[in-house]
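# A structural walkthrough
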Number of protein chains: 2
Amino acid sequence: MMSKRVGIREVAAAAGVSVTTVSHSLSGGGQLSDATRERVKSVAEGLNYAPNRLASGLRSKRSQIIGFVSDEISTTPYAGNVLLGAQEAAAANDQVLMVVNSNRNSKVEDRGIEALLQHRVDGIIYARMYHQAVELPAALSGIPTVLLDASSDRTDLSSVVPDEEGAARTAMAHLLQAGHRRIGYLGNIDDIPATRGRLAGYRAALAEQGIAYDESLVTASESMTGPGRDAASRLLALADRPTALFCFNDRIAMGAYQAAHLASLEIPRDLSIVSIDNFEVLADALLPGLTSIALPHYEMGRWAIERLAAELADDADSAPQQIQMPCPLVLRQSVGPPPR
Amino acid sequence: MMSKRVGIREVAAAAGVSVTTVSHSLSGGGQLSDATRERVKSVAEGLNYAPNRLASGLRSKRSQIIGFVSDEISTTPYAGNVLLGAQEAAAANDQVLMVVNSNRNSKVEDRGIEALLQHRVDGIIYARMYHQAVELPAALSGIPTVLLDASSDRTDLSSVVPDEEGAARTAMAHLLQAGHRRIGYLGNIDDIPATRGRLAGYRAALAEQGIAYDESLVTASESMTGPGRDAASRLLALADRPTALFCFNDRIAMGAYQAAHLASLEIPRDLSIVSIDNFEVLADALLPGLTSIALPHYEMGRWAIERLAAELADDADSAPQQIQMPCPLVLRQSVGPPPR
DNA sequence: CTGAAAGCGCTAACAC
DNA sequence: GTGTTAGCGCTTTCAG
């Protein structure tokens, strides 16, 4: 069972051909007859041959390794799915992921990138765990790179981010369609693209319906449960309180639930709530379930790898693309018609 | 700026020595005078030399890559920290992580492992995202491997898991110390090590205080918020209801909070709650904050890499170890003295 | 259509 | 102490 690792020459010997022919057969190169190609393949299979990627990478200048650089794999709970999407797409391309985490520290990041380059990664996915504007580290210049959940002002770089404004419009459309007209927005205060995008979507959706933007229905707080609760309480204390709340994210929405409880308002009978994140551990756990817009983490992960593969192959369509991905609505039980 | 990649021979030429001397200087081998060693190092630095790991790995049979195989990087939100711990420890050892995700599918897992082996990883961390008993895939026989958040019956394999019983004892000690005597346990129903360990800890803690085990105070439900809520409601409806609840995990604890609300019980005035996970998005968000036992994800990640490094170096202490890591209590506001 | 041979960039015997 | 040299296992011209 513990047989010695078989190499390309053993296969060649067994098949009665040269190593060249074996190499060509397995990697589809050269001009071989289908007959030999198949025969060699089956011999290799029978011998349980597996290539040494170190050797082939060294020679061919293709390691089949993609570097995955991210700011914080862990801290944020959504994180995982972008890695998962990337990893599955990579596997489909016969590539593998080498991951490095900067923990928001550029020295650590540079060391990580250096390690990836020493291992001769074919390209790099430069990822953020939530949508951010970034500047690409200098060490990456000249290396095929795609930005994931991150954008930059460089048009020569492909990137993918969620369509923030669209997400907000989708959320608002759902509320408007249920009949709501006084809709509050529990916004956030960070200086990130989502802040502008979601607020813009909120305003645009209102404008489309000819509903005037009412500043007193809009708050800005830290995007966590406690501050969200306070902000929601303020809106709910208004004489003419909103009948629905659109929340920047699920954590704020959880605060809104708590505020509703404190104000003895029942969801969705007295108050409807929609938010963004579809963070299941919260959205499913809240009572009633929270209707929320999902961010396309998995899909962005896949897209980034596929784009990178296209650019590495540079056959034709390798012009950089900057795209925004649509964000689907996930229905639960937090929206109903407005109270009358 | 786009200068050609410099190799060991350029360094040799620039320093006026042979490639051997350069190799020895940089990797601490051979018998060189400190003078040359330093000189070569600084020349290399000046030339911005960086080794090609593909080449050195091919020759030395050491890729400096560790394979990280896990069942689901993403689905569970705690996940990230074990990867983070592993990745940081690896970086400290000049190693890098190649990650592969099986998504609970053994065919996918086998393909992933095969890819790792083709890339000649030096060893493998076989990780689960929550404590489980596992059987090592056959493909891994003969490869240095350590189990992370997973255990097996093989004594020739190192492994690290949380001390489940200890975690439960810690939680209970906290409640007992606050004066509680009637403590309910909201358990789970999965057949996993945590199920037995935490229940055992609950019983042991009670026994130590001479408190009789009362079956009517123990429930078993799915470990999610909804079922937890129902289970908690049953206990709280008891004539002689418990004054405190120890919960299998934070999601169940969230259910307990909801049940308390429904029963008009205030936490911690009327009911104290402790649980396990310290899943911050919930524990911090709940009102009041949930006192919970943290699982040592980051630490287990580090430990696994360090153990693997020791076994790869096999200098001395390379005997396999199976350890259980302690789980610290994280205080918030959900525990108070029992109502009188 | 197939094979011989020259490296990819580095490490490790073994000489000097 | 330092240098020469033979590969690691594969891919890829270039001949036949």
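Here the structure is shown first, and the text comes after it.
In what follows, the accompanying structure is described. (Residues numbered from 1 in each chain as written. Chains lettered and ligands numbered in written order. Predicted model: local features only at pLDDT ≥ 70, side-chain atom pairs only at ≥ 80, totals over all residues. Heavy atoms only, no water.)

The next thing to look at is the protein's contact with DNA strand D. Neighbouring residues of DNA strand D: 23 residues in total, closest Ile-8 of chain A together with Thr-20, Thr-21, Thr-36 and Arg-59 of chain B. Within the contact set of DNA strand D, a phosphate oxygen lies 2.7 Å away from a backbone nitrogen or oxygen of Ile-8 of chain A. Within the side chain of Thr-21 of chain B, an N or O atom sits 2.7 Å from a phosphate oxygen of DNA strand D. Broken down by secondary-structure element, the contributors of at least two residues to the surface near DNA strand D are α2 (19–27) and α4 (53–60) of chain A together with α2 (19–27) and α4 (53–60) of chain B. For the surface near DNA strand D, the element with the highest residue contribution is α4 of chain A, accounting for 4 residues. A per-class count over the surface near DNA strand D returns 7 nonpolar, 13 polar and 3 charged. (Near = heavy atom within 4 Å. Polar contact = N/O pair within 3.5 Å; in protein donor to acceptor, adjacent residues only side chain to side chain. Helix = DSSP H or I, 4+ residues; strand = E, 2+ residues; numbered from the N terminus. Nonpolar A, V, L, I, M, F, W, Y, C, P; charged D, E, K, R; others polar.)

Residue and element names in this part refer to chain A. Most of strand β4 (residues 145–151) sits inside the fold, with 6 of its 7 residues counted as buried. Two strands pair when backbone bridges link them, and strand β3 (residues 123–133) and β4 are joined in this way by 6 bridges, in the parallel orientation. Note that in β4 the partner of Ala-133 across the bridge is Ser-151. Bridge count between β4 and strand β5 (residues 158–162): 3 bridges; the pairing is parallel. The partner of Val-146 across the bridge, within β5, is Ser-158. (Buried < 20%, exposed > 50% of the residue type's maximum accessible area, 1.4 Å probe, protein only. Pairing = 2+ DSSP bridges.)

Of the residues lining the interface, 45 residues belong to chain A; the matching set on chain B comes to 45 residues. Of the roughly 4,500 Å² buried between chain A and chain B, counting both surfaces, carbon and sulfur atoms make up 65%. Here chain A and chain B share 10 residue pairs in polar contact (both at pLDDT 80 or more) between them. Of the residues assigned to the side of chain A that touches chain B, the class counts are 24 nonpolar, 14 polar and 7 charged. Pairing of strand β2 (residues 96–101) of chain A with strand β2 (residues 96–101) of chain B involves 3 bridges; the strand directions are antiparallel. Each residue of the ladder has a partner; that of Leu-97 of chain A, found in β2 of chain B, is Val-99 of chain B. (Contact = heavy atoms within 4.5 Å. Buried area = accessible area lost by both parts, 1.4 Å probe.)

As a structural note, the neighbourhood of DNA strand C is formed by 21 residues, with Thr-20, Thr-21 and Arg-59 of chain A together with Ile-8 and Arg-59 of chain B the closest of them. The contact atoms of DNA strand C, taken as those within 4 Å of the protein, divide so that sugar and phosphate hold 60%. Thr-20 of chain A is positioned with one of its side-chain polar atoms (N or O) 2.6 Å from a base nitrogen of DNA strand C. Here a phosphate oxygen of DNA strand C sits 3.0 Å away from a polar atom, N or O, in the side chain of Thr-36 of chain A. Elements that contribute at least two residues to the surface near DNA strand C include exactly α2 and α4 of chain A together with α2 and α4 of chain B. By residue number, the principal contributor to the surface near DNA strand C is α4 of chain B, which donates 3 residues.

The next thing to look at is the relation of the copies chain A and chain B. When chain A is fitted onto chain B, the two copies agree to an RMSD of 0.1 Å after a turn of 180° and an axial shift of 0.1 Å. Expressed as an axis order, the relation between the two copies is that of a two-fold axis. Take the interface residues of chain A: 100% of them recur as interface residues in chain B, which is what a same-surface contact looks like. (Least-squares fit on C-alpha atoms with pLDDT ≥ 70 in both.)

Residues and elements named next belong to chain A. Read across the sheet, 6 strands follow the order β7-β6-β8-β9-β10-β12 without closing on themselves; strand pairing throughout is mixed. One side of each edge strand has no neighbouring strand; the edge strands of this open sheet are β7 (218–221) and β12 (329–330). By the bridge criterion, 4 bridges tie strand β6 (residues 183–188) to β7 in an arrangement that is parallel. Within the sheet, the bridge partner assigned to Leu-186 lies in β7 and is Thr-219.

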